[in-house]
Amino acid sequence: MSNLYIVATPIGNLEDITFRAIETLKSADIILCEDTRVTKKLLDRYSIVKPTISYHSQSKLKKIDEIIELLREGKNLALVSDAGTPAISDPGSFLVSRVRRELFDSVRIIPIPGPSAVVSALSASGFPASDFLFLGFLPHKKGRQALFEEIKNSKRTVVFYESPHRFLKSLESLGSVLESKRLIAIGRELTKIYEETRVGTTEELLSFYSSNPDKVRGEFVVIVRAL
Ligand code: SAM
């Protein structure tokens with residue numbers, strides 16, 4: 001049996017990694033990374049020297065075949081992404097699915113849990129979170145408006161990821177559909193130097209971010225409180 005470990009890594013602060021994740025990266029034969037330069041910073045921080053192979057959203061089927069072959073040969077592989085938990089709005093699920101299908105009786109697929117931006121942001125929001133709807137990145141065009149309507153009617157807290165380029169646009173779209181008192185939490189640059197979690201109505205948040213363009217930078221999680 002070989003092992004494919006799905007290893008969660010920090011979403012910013014390099015200290016946010018479990019002992020088990022470090023041990024797993026140290027013991028794996030090869031580390032599959034999204035961007036080898038990003039993962040190198042983490043490996044250097046913990047003095048881990050290992051061969052790496054890049055595996056990302058544009059990887060060709062041939063690359064996946066090579067990875068499957070390594071597992072067939074009995075190699076233990078660790079899959080990481082640039083940040084957080086692989087396969088959560090990240091490359092990984094397609095690979096895991098193929099390994100499950102093709103090598104189900106000869107490879108153990110083992111999650112090594114750790115940080116994820118969705119859970120970190122939700123935990124600091126104070127919003128109901130015993131159940132929630134996670135939408136990942138919203139589509140840019142087709143289906144986008146329908147999702148805002150779904151968020152408007154959601155009895156669950158809704159979480160999505162947003163890029164700095166689309167952040168204000170998304171807030172405006174939320175402002176145009178949500179009831180004016182509905183609360184939103186923004187988790188920005190979590191675990192990093194300029195980390196902040198800000199809660200308010202769309203009007204309050206739009207006013208704040210429009211007058212503080214220096215805060216429309218970095219990485220964002222947007223959370224809309226349950227109805
Ligand atoms: N796999 C990752 C996870 O488990 O959270 C998510 C990767 S996804 C490609 C990257 C998006 O996650 C960013 O655009 C942002 O929306 C969110 N994100 C990642 N790190 C973050 C951070 N430190 N603070 C806020 N949002 C973050």
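Let me sum up the structure you'll find in this document.

Procedures and definitions
- Each chain has its residues counted from 1, running along the sequence as written.
- The predicted nature of this model means local features are confined to residues of pLDDT at least 70 and side-chain atom pairs, given and counted, to a pLDDT of 80 or more, with totals for whole chains, interfaces and linings taken over all residues.
- Side-chain numbers here rest on the full set of heavy atoms in the structure, without hydrogens or water.
- Think of a 1 Å grid over just the protein atoms. A cavity is a set of points where a 1.4 Å probe fits yet cannot get out, a pocket is an open set with protein on both sides within 12 Å along at least five of seven lines, and lining residues have an atom within 4 Å of a point.
- Grid points are joined across faces, edges and corners, and a volume is the space filled by probe spheres set on the points.
- Counting from the N terminus, the helices are the DSSP runs of H or I reaching at least four residues and the strands are the DSSP runs of E reaching at least two.
- Only Asp, Glu, Lys and Arg are considered charged, only Ala, Val, Leu, Ile, Met, Phe, Trp, Tyr, Cys and Pro nonpolar, and every remaining residue, Gly among them, polar.
- Marked domain ranges trace back to an automatic or database domain assignment.
- Burial status follows relative accessibility: with a 1.4 Å probe on protein chains alone, a residue under 20% of its type maximum counts as buried, one over 50% as exposed, and anything between as partly exposed.
- It is the directions from the helix axis to the C-beta atoms that the arc portrays.
- Any two residues whose heavy atoms approach within 4.5 Å at even a single point are treated as in contact.
- Lines fitted to C-alpha atoms define the axes here, with helix axes fitted over just the stretch in contact, and angles between the N-to-C directions of these axes take values from 0 to 180 degrees.
- Each angle is binned into one of four classes, with values under 35 degrees roughly parallel, values over 145 roughly antiparallel, values of 65 to 115 roughly perpendicular, and all other values oblique.
- We call a crossing left-handed when the near helix sits turned anticlockwise from the far one by less than a right angle, and right-handed when that turn is clockwise.
- Pairing between two strands is assigned when DSSP locates at least 2 bridges connecting them.
- Definition of nearness: a residue and a molecule or strand are near each other if at least one heavy atom of the residue lies within 4 Å of the molecule or strand.
- Throughout this description, a polar contact denotes any pair of N or O atoms lying within 3.5 Å of each other; where both atoms belong to protein, one of them has to be capable of donating a hydrogen while the other can accept it, and for residues adjacent in sequence the pair is counted only when both atoms sit in side chains.
- Working definition of accessibility: Shrake-Rupley area with a 1.4 Å probe, residue cover restricted to the visible protein chains.
- Grid points define the cavity or pocket, and a molecule sits in it when more than half of its atoms lie within 2 Å of them.
- The rule for a salt bridge is simple: a side-chain nitrogen of Lys or Arg has to be within 4 Å of a carboxyl oxygen of Asp or Glu.

### Examining the layout of surface pockets
A water-sized probe, rolled over the atoms, reveals where empty space remains. If you add up the space inside the largest pocket, you get close to 530 Å³. As for the largest pocket, its lining consists of 25 residues, of which A83, A117, F137, Y161 and E219 are closest to the centre. Of all the secondary-structure elements, those providing two or more residues to the lining of the largest pocket are strand 7 (157–162) and strand 10 (220–224). For the lining of the largest pocket, the per-class residue count stands at eleven nonpolar, seven polar and seven charged. Per-domain counts for the lining of the largest pocket show at least three residues from each of domain 1 (2–112) and domain 2 (117–224).

### Focus: helix 5 (residues 117–125)
Restricting attention to buried positions, one finds in helix 5 the residues A117, V118, A121, L122 and S125. Around the axis of helix 5, the buried residues are gathered within 125° of arc, so they sit on the same side. Summarising the contacts, the buried residues of helix 5 are in contact with strand 6 (132–137), strand 7, strand 8 (184–188), strand 9 (196–200) and strand 10. Directly beyond the C-terminal end of helix 5, a positive phi value near 80° is found at G126.

### Notes on the packing of helix 7 (residues 164–177) against helix 8 (residues 202–211)
How two helices pack is summed up by the angle between their axes together with the distance between the axes. Where helix 7 meets helix 8, the closest approach of the two axes is 9 Å, and the angle between their N-to-C directions is 155°. The angle between helix 7 and helix 8 places the two elements in the roughly antiparallel class. Along this stretch, helix 7 crosses helix 8, giving a crossing that reads as left-handed. Contacts between helix 7 and helix 8 involve F167, L168, L171, E172, L174 and G175 on the former and, on the latter, T202, L205, L206 and Y209. Here the residues of the contact of helix 7 with helix 8 are counted per class, giving seven nonpolar, two polar and one charged.

### Looking at the sheet that holds strand 7
Taken in spatial order, the five strands make up an open sheet running 6-7-10-8-9, and their pairing is mixed. Strands at the two margins of the open sheet, each flanked by one partner only, are strand 6 and strand 9. The mean inter-strand angle of the sheet, taken between neighbouring strand axes irrespective of direction, is 15°. This element, helix 7, spans strand 7, strand 8 and strand 10 of the sheet and lies at about 150° to strand 7. Helix-sheet contacts for helix 8 involve strand 8 and strand 9, and the interaxial angle to strand 9 is about 135°.

### Description of the site of the ligand
The environment of the ligand is formed by 19 residues, the closest being D90, S116, A117, Y161 and F220. Here I88 contributes a backbone N or O atom positioned 2.9 Å from a nitrogen atom of the ligand. Between the ligand and S116 there is a distance of 2.7 Å, counted from an oxygen atom to a side-chain nitrogen or oxygen. Considering the ligand on its own, with 570 Å² of exposed area, one finds that the protein chains cover 91% of that surface. Taken atom by atom, the bulk of the ligand overlaps the largest pocket.

### Some remarks on the pattern of salt bridges
Following the criterion strictly, the structure yields 15 salt bridges and no others. A salt bridge links D65 to R98; the shortest N-O distance between them is 3.0 Å. On the criterion of sequence distance, the pair formed by D65 in helix 3 (residues 61–72) and R98 in helix 4 (residues 93–102) is long-range, its members being 33 residues apart. Assessed through its relative accessible area of 40%, D65 is described here as partly exposed. What you see here is one network of salt bridges that share partners, running through D65, E69, R72, R98 and E102.

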